Amino acid sequence: MPWLRKSFFFFFAHFRKIPFPAPTFLLFLRLSLQSQPSPICTTLTLIGWRRPSYIVSSLNAQNNFAKNSLIFSPSGVRGIVGEGLGPEEALRLSLCFGSMIPPGTVVLGRDTRPSGEMIQRLAAAGLMSTGHDVSILGIAPSPAIAFAVKKMGAVGGIIVSASHNPPSWNALKFLGPGGIALNEAQISELRNLYVLDSFKEVPWTSLGKAHDLSLLDDYRKALISLVDVEAIRKARLFAVIDAGNGAGSLVTPKALEDSGCQVFPLNVEIDGRFRRPIEPTRESLSDLAKKVVSLGADIGFAHDCDADRLVCINEKGEVLGEDLTLALIVDQILSKRKGGIVVTNVASSMVFDDVAESHGAKVLRTRVGEAYVVEKMIETGAIVGGEGSCGGVIIPDHLYTRDGILAALKIVEALALRGRTASQVFASFPRYYMARGKVPCSSGEAREVIEALKIGHSDEKLDLTDGIKIIGEKEWVLVRPSGTEPILRVMAEAEGPRRAEELCKDLLNEVLEILSRKLGKLGPLPFFSANS
């Protein structure tokens, strides 16, 4: 490796008199073999350009799937609080973000996790120390924080939320102007600054100031302006909303009421305790399903902790797939505007192709992640987008971000305008079935698995946009590394539930075989679930 030899010669030729103990020498070797930072940066680190105490932190930041690491992605910088994401990391991340963006105000908000207040205060301190004024929205849905960035003309925002991850996790999601999440290149820049411990700090005379911000009422009114309130009121619909003790508790029940619905709120206490798992899955929503049936409600809704996601339950108590939820909204929007472009990700259902085709529209697919969908929407001038696996819709006239609360209002509007029950409306769409699985897997192992699958399935129709998607006739199976957890996700879709399960289980077994045979690792038992 010529660059490694040059690094050694550079060091010994110019810095032979600097003490260089054995542990530091071994650390130098380890750092030099990493892809980032560069060998030259490593050499400069060892001669004093960075504090040695941060070298180990940099190593952790580079290994996305190590136990004590942070996961950098356009979905934010995530970690387990106390095992990778602590006070130092939160402060340094905000310092780096403040160093990236131009002067101006930054909006800061969080979800209801117990760790949120700590991280929010540290993020505010980091931003102020880089000269930025901070508008603190406090507990608020993620789309409301993006709305505040756009409305105030702020230079950026930070959302303190790990979305659907368990309570032990948290994250800092970074927004640019307009409330748009940082793209992959910008997250890479942030990561490099973090790894290199490179940030600015202004003198005491230029420190920023913090003040509280109250914009939730404005956000709610903006949502209501996007739906046909008169039609909803005439329909006299009854909705149950399970906010999951998350930030949606502050907005969704009132927004539904103001739009003309009768509302029964469930799990709206904001006390840091979660009465059901944060991720709204079929298994975790049994209480909501029972409540919808027992109360005779027309529809049930459920959010994750920051309300960018939405899951629906029809009047029969059946939990509907998020793809179907978003498909109804897309269908409603396209019915008023023929043609155009719809953007979703490679993990979203084939139902979007059917809906788009019926309206003369075109579907474009991206990598999984809101930032990728938004980037493609802006590039192509798409009229609507979203991620089927999340249920949150992205409407450019509102925000370039997923909004689970807007999705709920749009579904209520669709039911009101169509004059049919939720089960009747959703039954009008083509029916597909999904099955999902996951295997604990490091980033390096995930890459090895994907490469092996590419070789093994080279004679089939493949989509390599995100991981590997093997496409058949009215069916597909996708294997991709998660951007938010150290796992490899496997999901399949087909016209029948058994076929979807078969596709998913076959690929899960193939993944485990690769882990065992190619990597010499006995694969862990995967998690598997079937979803219609």
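Note that the structure is a prediction, hence the values are computed from the model and not measured. (Residues numbered from 1 in each chain as written. Predicted model: local features only at pLDDT ≥ 70, side-chain atom pairs only at ≥ 80, totals over all residues. Heavy atoms only, no water.)

Caption draft 1: Just the overall build of the protein, in detail. Scanning the protein for helices and strands turns up 19 helices and 22 strands. Burial analysis of the protein (532 residues in total) assigns 57% to the buried set. For the protein, long-range pairs separated by at least 24 residues make up 69% of all intrachain contacts whose partners lie at least 6 apart in sequence. (Helix = DSSP H or I, 4+ residues; strand = E, 2+ residues; numbered from the N terminus. Buried < 20%, exposed > 50% of the residue type's maximum accessible area, 1.4 Å probe, protein only. Contact = heavy atoms within 4.5 Å.)

Caption draft 2: Looking closely at the pattern of salt bridges. Under the criterion given, the structure shown has 28 salt bridges. Across the pair Glu413 and Lys336 runs a salt bridge, and its minimum N-O distance is 3.9 Å. Here Lys336 lies in helix H13 (residues 322-336) and Glu413 lies in helix H16 (residues 404-418), a separation of 77 residues in the sequence. In this structure Glu413 comes out as buried when scored by relative accessible area, which is 2%. Salt-bridge contacts for Glu413 lead to Lys410; the nearest nitrogen and oxygen are separated by 3.4 Å. Taken together, the residues Glu413 and Lys410, both in helix H16 and three residues apart, mark about one turn of the helix. Assigned by exposure class, Glu413 and Lys410 land together as buried. A single network of salt bridges, built from pairs that share partners, joins Asp217, Arg220, Lys254 and Asp258. (Salt bridge = Lys/Arg side-chain N within 4 Å of Asp/Glu carboxyl O.)

Caption draft 3: Structural view of the packing of helix H5 (residues 87-100) against helix H8 (residues 184-195). H8 packs onto H5 with a crossing angle of 120° between their chain directions and a minimal axis gap of 9 Å. Compared by their axis directions, H5 and H8 come out oblique. As for the relative orientation of H5 and H8, their crossing is right-handed in sense. Contacts between H5 and H8 involve Glu89, Arg92, Leu93, Cys96, Phe97 and Met100 on the former and, on the latter, Gln186, Glu189, Leu190, Leu193 and Tyr194. The residue makeup of the contact of H5 with H8, split by class, is seven nonpolar, one polar and three charged. (Axes fitted to C-alpha atoms, helices over the stretch in contact; angles between N-to-C directions. Parallel < 35°, antiparallel > 145°, perpendicular 65-115°, else oblique. Left-handed = near helix turned anticlockwise from the far one by under 90°. Nonpolar A, V, L, I, M, F, W, Y, C, P; charged D, E, K, R; others polar.)

Caption draft 4: Broad picture of the pairing of strand E13 (residues 341-345). Across the five residues of E13, four count as buried, placing the element largely inside the fold. Of the strand pairs in this sheet, E13 and strand E14 (residues 362-366) are connected by five bridges, and their pairing is parallel. Bridge pairing links Asn345 to Thr366 in E14. One crossover worth recording links E13 to the parallel E14 by way of helix H14 (residues 351-358), and it is right-handed. (Pairing = 2+ DSSP bridges. Right-handed = clockwise from strand over helix to strand, strands pointing away.)

Caption draft 5: Inspection of the sheet that holds strand E10 (residues 299-302) at higher detail. Ordered in space as E9-E8-E10-E11-E12, the five strands form an open sheet in which the pairing is mixed. The open sheet has two edge strands with one neighbour each: strand E9 (262-266) and strand E12 (319-320). Bridge count between E10 and strand E11 (residues 311-314): four bridges; the pairing is antiparallel. Looking across to E11, one finds that Gly300 is bridged to Ile313.

Caption draft 6: Examining the sheet that holds E13 more closely. In spatial order, the strands read E14-E13-E15-E16; together these four strands make up an open sheet with mixed pairing. At either margin of the open sheet sits one strand with a lone partner, and together these are E14 and strand E16 (393-394). Those strands touched by helix H15 (residues 370-380) are E13, E14, strand E15 (384-386) and E16, and its axis lies near 160° from that of E13.

Caption draft 7: Expanded view of the confidence of the model for the protein. Confidence in the prediction of the protein, expressed as mean pLDDT, is 86, and 84% of residues score 70 or more. Between residues 1-68, whose pLDDT stays under 50, and residues either more than four places distant or in other chains, the model counts 91 contacts. (pLDDT = per-residue confidence, 0-100.)

Caption draft 8: Examining unusual backbone geometry more closely. The backbone phi angle of Asp197 is positive, close to 55°, even though this residue is not glycine. With respect to the helices, strands and loops of the structure, Asp197 is situated in the loop between H8 and strand E7 (210-212). Since its relative accessible area comes to 12%, Asp197 is described here as buried. For Lys474, which is not glycine, the phi torsion reads 60° and is therefore positive. Of note, Lys474 is situated in the loop between strand E19 (468-472) and strand E20 (475-481). Given a relative accessible area of 32%, Lys474 falls into the partly exposed group.

Caption draft 9: Spatial organisation of the nonpolar core. If you look at the biggest cluster of nonpolar residues, it comprises 81 residues, and the most contacted ones within it are Leu256, Phe301, Val330, Val384, Val393 and Ile411. For this core, the element with the highest residue contribution is H16, accounting for ten residues. When neighbours within four sequence positions are excluded, Phe301 is seen to be in contact with Ala239, Val240, Ile241, Asp242, Leu256, Leu288, Leu310, Val311, Cys312, Ala408, Ile411 and Val412. Counting residues in hydrophobic clusters, the runner-up holds 28 residues, among them Ala124, Leu127, Val155 and Val160. (Core = buried A, V, L, I, M, F, W, Y, C linked by side-chain atoms within 4.5 Å.)

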